[in-house]
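A structural walkthrough
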Amino acid sequence: MKKMTFLFAAVLMAAMASAFTAKQPTTLYYRDADGVFHEKLGTGECIPDQYNCEYIWTGAVDSNPQNPLNYQETGDPERVFVPDPMN
């Protein structure tokens, strides 16, 4: 019985530790003027348009990388990211 209590406590502690150390997504994406999603690999500029400047992948709906429902908007609203040509 003592082993079961110890196991339960260990599992609970591991779950709590992982909840506090969960990393935020670091990969950012942008939509170009045609609405196609691309990974943000370098610097660029956010100009006025109909999309947000950046997104994070959530994969909430399916695995389609071009489904807008799989992304969460994070950047400037109604701006499109235009990568620097030197990247």
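Residues numbered from 1 in each chain as written. Predicted model: local features only at pLDDT ≥ 70, side-chain atom pairs only at ≥ 80, totals over all residues. Heavy atoms only, no water.

1. Structural notes on the pairing of strand β1 (residues 28-31)
- The pairing of β1 with strand β4 (residues 55-57) spans two bridges and is classified as antiparallel. Bridge pairing in β4 links Y29 to Y55.
- The sheet contact formed by β1 and strand β2 (residues 37-39) spans three bridges and is antiparallel. Looking at the pairing, Y30 lines up with H38 of β2.
- Counting the residues that bridge the hairpin from β1 to β2 gives five residues, and of these G35 lies at a positive phi of roughly 85°. (Pairing = 2+ DSSP bridges. Helix = DSSP H or I, 4+ residues; strand = E, 2+ residues; numbered from the N terminus.)

2. As for the state of the cysteines
- A full pass over the atoms with the stated rule returns one disulfide.
- Here C46 pairs with C53 through a disulfide, and the sulfurs are 1.6 Å apart.
- C46 sits in the partly exposed class, given a relative accessible area of 23%. (Disulfide = S-S within 2.5 Å. Buried < 20%, exposed > 50% of the residue type's maximum accessible area, 1.4 Å probe, protein only.)

3. Notes on the sheet that holds β4
- Spatial strand order, β2-β1-β4-β5: four strands in an open sheet with antiparallel pairing. In this open sheet, the two strands that pair with only one neighbour each are β2 and β5 (71-73). The average undirected angle you get between the axes of adjacent strands in this sheet is 40°.
- Bridging between β4 and β5 involves three bridges; their strand directions are antiparallel. When the sheet's bridge partners are listed, I56 is paired in β5 with Q72. (Axes fitted to C-alpha atoms, helices over the stretch in contact; angles between N-to-C directions.)

4. Some points on the packing of aromatic side chains
- Following the criterion strictly, the structure yields six aromatic pairs and no others.
- Aromatic side chains F37 and Y71 sit 3.8 Å apart centroid to centroid with 5° between the ring planes, which places their arrangement in the stacked category. Taken together, the positions of F37 in strand β2 and Y71 in strand β5 put the pair 34 residues apart, joining distant regions of the chain.
- Grouping aromatic residues by their ring pairs yields a cluster made of Y29, F37, Y55, W57 and Y71. (Phe/Tyr/Trp six-rings, centres within 6.5 Å; stacked < 30°, edge-to-face > 60°.)

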